[in-house]
Each structure stands twice: as structure tokens, then as C-alpha cells.
Amino acid sequence: MKKARDLVQTSGRRFLRLPNSRTPKMEDMSERYGYKPILRWNPQVEEYFVKAYGADHFSRISSALTCPSCYSCVRVNTLKSTSDAIIQKLVAILKETERGDANDNLSECDANVNADTGVKQKGCLKETSISLNLSDCSKETNALKENFQTGPISKCQFPGLDYVVFVGGSGPHVIDYGYIHDKPPKEVIVSRKCAEAVLRGAQVYVPGVMACSAHVEKGDKIAVSVAVEQPGLDGGWGLGITRGTVLQGLETDPYYFERNGLYIGQGRAMMSRAGMFRVSEGIAVDMSNRVFKLPSFHDVLEGEIFLQNLPSIVTAHALDPRKGERILDMCAAPGGKTTAIAILMKDEGEVVAVDRSHNKVLDIQKLAAEMGLNCITTYKLDALKAVCQRNDSCSTTDLCCSKEDDGVTNLSSDMLSLHVERESSITTEGMNGESHKENVSNCTEKANERTYVSKADIRKNIRRMRNGPGRNQCSGGRVQNSKGFSPNSFDRVLLDAPCSALGLRPRLFSGEETIQSLRNHAKYQRRMFDQAVQLARPGGVIVYSTCTINPGENEALVRYALDTYKFLSLVQQQPSIGGPGLVGHCEFPDGYIEEWLRPGEEKLVQRFDPSSPLDTIGFFIAKFVVGSKDV
């Protein structure tokens, strides 16, 4: 029977206090006011990953996932600028922000200097020195070390990636939170997702604040800690904090023990405690002293640069897009890889970018317009329905119209004429009733030639054309719907598949994924890959990628592809800077056997390990060449 002190009850739900949660010694509070998170997993998932990687390797991966990468990658829009020019601009911005900080508050600037590392915060960008342990690395990894020998901002030295700029960061840093015996610092507790964003360089915004000390006023120095989901007695996970809780700095505070080693930085309150829980938006805490100091690129050189993870940049490059080709990005949002492909093609050809979310398609359009790209065509389309059915016309259909076009929308001439015809029929309404009925009748006949459309749907479409889609249907901009594309209609297909995202970092919790949910991700990805195979022409290329460390979504997908489609061949990628894939298989307690790569195939894929000296997110890339489908 659990002792009363081992149980925590918050918001009507009971949680199990972890065995290692104990009061820190008063003479040494560094353990409490530090950053030493332990990533928690579903037990069955953890056992599976230990089988795949080995206990020591998986422990290193888990530890690396709790921290951000020590550098940021900036992809240069080579149609507008060059890497050298961008480096000069970033250095100038860094100097300007340094000068501004000095003029605004010299004492505050001095307070941000870490005595051990000499790191100083510089506003939008920070000047840092970076130290990597790369003594026992491959030549590719040594190229990363060379990048930071010339300064915190440098051009990528990997072959073919000279359009990438590295900006160094630093951490973890030890922060003095000003603890005095029996007088703990004022603090706020933020949600896990808020904390993960703060670790990447964001500020603490109002929606992320869960609890706050009493008597906090604007301008107060605030310690920021994070509440991470804990195991409940019902076998699930939960947070169990009522938003607005008052912190007293006592052991009776929610998650007092569980927050040991989960302090992520210090800042100044931008509003009082009452304001944090009264308003719905705005910055609650302006972070001035962080555990990890990383550059922020908010509103910096928009259209000329794009902040992107190194493996994602490599993915677009591995696709090897050529001028004049027709390329499909199946799950394109938010558009990073889409725009990278278009730039590699010199904006000549056609990049078709699809996503099933209306607003995400608008995001792609906005980014393409910002970067001055004209070869990108966007559609709202579910990747599971990317291949059109025989009874459907394999082209665009309705235009989800809206108030104004502030993005990139490339309409075909057929689509434009159809749109004009529909609007013309609407404007005649009230002038000629018979003519209007005839137009509706013709519209009905055309619709019935493809598939049955009810009169109610026709009336709804007419009203939508006349009045616009409404706030619930559209947030601005034009988005074309599509019923899919003809088989063998693309030269190259990129499937950056939705996945469990277990490679993204920093992350402070991974317990939500189960063995069954991981299998469901894999089934979903196989269905999408089936669509990609049909759309790529013989002689074409398919690149498959994920941002997860799960072999079931990576190597197992490659095994499925090669065993199911004999005309697919796994080929070498350029550049090849990631590690090899996993060879073998895994047998589960329920008897299911998951097959991975076979000997010789592991070097043809790229697996990016978060614990490797490359210090990237967890990522996986496989490249296939499509042979003759007649075999």
C-alpha cells in the first residue's frame, strides 16, 4: 500500500510521486535549481528502443533529446542573396543589437555574462563560442568542427551545402536564481510545451503560464520552471495543475519535488501575477538568462533566410531536383522543404505542394511569396488521396475563395475560366431568372458527369461564391482543392511523412506514445508511400523522410517498400552525412516480427542520431529510384 506522502492529489486526480523525488539538501540547492531532466517513456516503448539501440546508446539518445542542438542552421535563399552576404548581414545585426543593448542597459548586459564561458546575450542574435567534442569523428563530422573555427557565424563546409550558414549557441549554463535560506526566488511554472519553446529561444507567453508566486509585480526577477506530465494511478499520464495556482515556495506547492532539476532560466515579469491570469495573450516573462543560449531569428532577413534543421535541408538536397521537372511534395506544410526544392531548381519547373489543412496551405503560399518563388503550386489535398480515382478528373476542382490573395496561388487556365464562368452566372442572378436557372442546370449536368452533387451542395457553393467562405472556412488567401493527380505524372516525389516526431528536440516528455500508436503511424505511412509510388514515373525518384527515432517508421518502411515494389531500388544519397540504418529485426512479445534493413542496405540510408557529434534532431532519409513498372 502506498504511503500518503507518495501520493499527490491535484485537481481531483491522484498522481504517483516518483521514488527519486526527495527534498534537496539545504546546503546545496544546485540540484534543485538546475537543468537535469530525465525523459520518461512508455515502458513497452522503452523496452523496444533498448532492443533496437542497446541500453547505453538509447540512454544517450534520451539525454540528447532533452537539450536543443548547440547551433542553428540558416538556409540562404540563393535567388536573392549569397552565404557570404548573409554572414556579413548577420554579423552587422549582431553588432547593432550589442550596441543597442549596451546603450539601453549596461548593467543588465553585464549580468548576462557567464563567468565560466564568457557568453553574452545580444538581443536577437547572440555572440557565442562553441565547443564540440569531435575528436573521434568521421570526416563529415570534422567538417562541422571546421565551421566554428572562424567564429560563431560561418558557412557550412559540407560538400554541396555552401548555401547553409551555421550560427553557434551554447549551454547548458548554471544560473544563479538568488536562492536565500528560507527565502526561495519568485517563480512561475510553465507547461511542458511552453518550456520546450523557451529552450529553443522563445519567450514565456501568457497561455503557457500554469502557476505563479504570490505578490509578483511587473519588473520582478522570476525563475522559470516546468511541470512535466507524471504517471497517474490509473496508468495514464497527467499534469494535474489548476491554472492560476499560487506558489508559496513550500513543499506543499504542486510538483515541488518533481520540479527538481527542471529550471530552464530566469527573466523579468512583463506583467503582474494578476495580469498573467487575466489577459489571454502577450509576453509574461522576458527571458534574460537562459540555460541554453540560442540565436533568435524573429523578423531577421525575412525572404533571404529560412531557419531549418540540417537533416531537413539534406532531405531536399537528396531529392536532387532539376530545372524544368515536375516535383510533388506530398505533406508540404509549413513549406520549408518545398521552398528549398524550388530554390535548388532555380525557380524553373513546377513544385506541387499539397497539404490537407486549408490554413497550412496558406502558410506555404505565404512563405513562397516571402521568398519570391513562382514555380510553387499549392493544393488542399489529403496525401492518402493523392492519386485521382478513375471517375474523377485528375485536376483542380473548387477554389476555396476568400477575401484577398496575399500568398502564392497559381491557377491553371482551365481553373480560371471555370471560376470566371461561375462568377458570371452568379452576377446575372436577379437580372434574368431564366438565365440563372439555366446556368444552375448546366452546372448540375457537369457535376453529374463526374459524380453526384446534391442541389443543396450546389446552392451552398453558389452562396459561397457570392458571399465568400466565411470565417470558419477560410482565414484569407486562395486555396485550390484537388481530387488528386494522374499516375506516373511526377519526376520526383518527396514524402516527408507525418510521424511520431520522437526525434524532435528539445523534448521533456515522451510517454504518450505506445507500441500500438507507433504501429498505427507506420500503417499510415505505408498507405501514403503506396500513393507516392503510383505518382512517380518510371525512372523517377522518391525520397522518404521522418523526424523520428522509431525504426518501425524508418527501416521497416524501407523493408516494406523494397519487398512490395520490386521495381524500386534503394540508392546512395548526396550529400551523405548521416549515419547508417539499423540492420536486422525485432520480435515483440505478441509474436509480431518487425523487419528492418538487410546487410548492405544500411549505408544507403541516412539516420541522424541526436546523440552523435553532429548534434542534430533525430531524422531518417531513404531515397528510391523507380524502375519499369511493367515488370
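Predicted model, so just to flag it, every value in this text is computed and none were measured. (Residues numbered from 1 in each chain as written. Predicted model: local features only at pLDDT ≥ 70, side-chain atom pairs only at ≥ 80, totals over all residues. Heavy atoms only, no water.)

Concerning the overall build of the protein
Spelled out, the test is: Segments assigned H or I by DSSP are reported as helices when at least four residues long, segments assigned E as strands when at least two residues long, and all are numbered from the N terminus. Contacts were defined at the residue level, with two residues in contact if any of their heavy atoms lie within 4.5 Å.
Across its full length, the protein carries 15 helices and 27 strands. Pairs at least 24 apart in sequence give 79% of the contacts found in the protein among residues at least 6 apart.

Here's the deal with the confidence of the model for the protein
The criterion, for reference: Scored from 0 to 100, pLDDT records how confident the predictor is in each individual residue.
The predicted model of the protein averages 81 in pLDDT, with 74% of residues at 70 or higher. Overall, residues 104-137 carries pLDDT values under 50, and its contacts beyond four positions in sequence, including any with other chains, amount to 77 contacts. Low pLDDT, under 50, characterises residues 469-475; the predicted model gives this stretch twelve contacts beyond four residues in sequence or across chains.

Considerations on the nonpolar core
The cut-off we apply is this: For the purposes of this section, nonpolar cores are sets of buried Ala, Val, Leu, Ile, Met, Phe, Trp, Tyr and Cys residues that join through side-chain atoms within 4.5 Å. Each residue is assigned to one of three classes by its accessible area relative to the maximum for its type, calculated with a 1.4 Å probe on protein chains only: buried under 20%, partly exposed between the two thresholds, exposed over 50%.
Formed by 43 residues in total, the largest nonpolar core has its most connected members in Phe158, Leu161, Val164, Phe166, Leu310, Ile341 and Ile376. Listing elements by their share of this core, those giving two or more residues are strand S3 (71-76), strand S5 (164-168), helix H8 (310-318), helix H9 (336-344), strand S17 (350-355), helix H10 (358-370), strand S22 (536-546) and strand S27 (619-626). Discounting chain neighbours no more than four positions away, the residues touching Leu310 are Tyr71, Cys73, Phe158, Leu161, Phe166, Ile577 and Thr616. Residues Met330, Leu381, Leu535 and Phe624 belong to the second largest nonpolar core, which totals 39 residues.

Re the pattern of salt bridges
Definition in use: Throughout this description, the term salt bridge denotes a Lys or Arg side-chain nitrogen within 4 Å of a carboxyl oxygen of Asp or Glu.
A complete count under the given rule lists 18 salt bridges for this structure. Its salt-bridge partner being Glu325, residue Arg492 comes within 2.7 Å of it at the nearest N-O pair. With a gap of 167 residues between them, Arg492 in strand S21 (residues 490-496) and Glu325 in the loop between H8 and strand S16 (326-329) connect regions that are remote in the sequence. When the shortest N-O distance is used, the salt bridge between Arg519 and Asp590 registers 2.9 Å. You can see Arg519 sitting in helix H14 (residues 515-535) and its partner Asp590 sitting in the loop between strand S24 (585-587) and strand S25 (593-595), a full 71 residues away along the chain.

Brief notes about the environment of Gly335
Structurally, Gly335 is set in the loop between S16 and H9. Look at Gly335 and you get buried, because its relative accessible area is 0%. C-alpha separation for the pair Gly335 and Lys366, spaced 31 residues apart in sequence, amounts to 9.1 Å. In contact with Gly335, other than residues within four places in its own chain, are Ile364 and Leu367.

Some remarks on the environment of Thr66
The criterion, for reference: Here a polar contact is taken to be a pair of N or O atoms separated by no more than 3.5 Å, where protein atoms must pair a possible hydrogen donor with a possible acceptor and residues adjacent in sequence count only if both atoms sit in side chains.
One can find Thr66 in the loop between helix H2 (55-65) and S3. Between the alpha carbons of Thr66 and Phe509 there is a distance of 8.5 Å; along the sequence they are 443 residues apart. Excluding its chain neighbours within four sequence positions, the residues that come into contact with Thr66 are Tyr35, Pro37, Leu39, Leu199, Pro506, Arg507 and Leu508. A distance of 2.6 Å separates a polar side-chain atom of Thr66 from the backbone oxygen of Ser63.

Notes on the sheet that holds strand S14 (residues 283-290)
Strands pair in a sheet through their backbones, by hydrogen bonds, and they do so in one of two ways: parallel or antiparallel. Keep this limit in mind: Following DSSP output, two strands are said to pair if at least two bridges run between them.
Taken together, the seven strands give an open sheet; going across it, the order is S7-S14-S13-S9-S6-S8-S12, and neighbouring strands pair in mixed fashion. Looking at which strands have only one partner, the edges of the open sheet turn out to be strand S7 (204-205) and strand S12 (245-247). Here strand S13 (residues 263-269) pairs with S14 via five bridges, running antiparallel. Its bridge partner lying in S14, Arg268 is registered against Asp286.

Points about H8
Counted residue by residue, H8 has nine buried out of nine residues, so it is predominantly covered. Positive phi shows up at Asp320, right after H8, with a value of about 55°.

Let's talk about the packing of helix H1 (residues 43-53) against H2
Quick note on the threshold: All axes here are fitted lines through C-alpha atoms, helices being fitted over the stretch that makes contact, and every angle between N-to-C directions spans 0 to 180 degrees. Whether a crossing is left-handed or right-handed is set by the direction in which the near helix is turned from the far one by less than a right angle, anticlockwise for left-handed and clockwise for right-handed. Gly falls in the polar group here, along with every residue not listed as nonpolar (Ala, Val, Leu, Ile, Met, Phe, Trp, Tyr, Cys, Pro) or charged (Asp, Glu, Lys, Arg).
Where H1 contacts H2, the axes come no closer than 7 Å and their chain directions differ by 115°. Crossing of H1 over H2 shows right-handed handedness. Every residue of H2 that contacts H1 at Glu46, Phe49, Val50 and Tyr53 is listed here: Ala55, His57, Phe58 and Ile61. Tallied by class, the residues present in the contact of H1 with H2 amount to six nonpolar, one polar and one charged.

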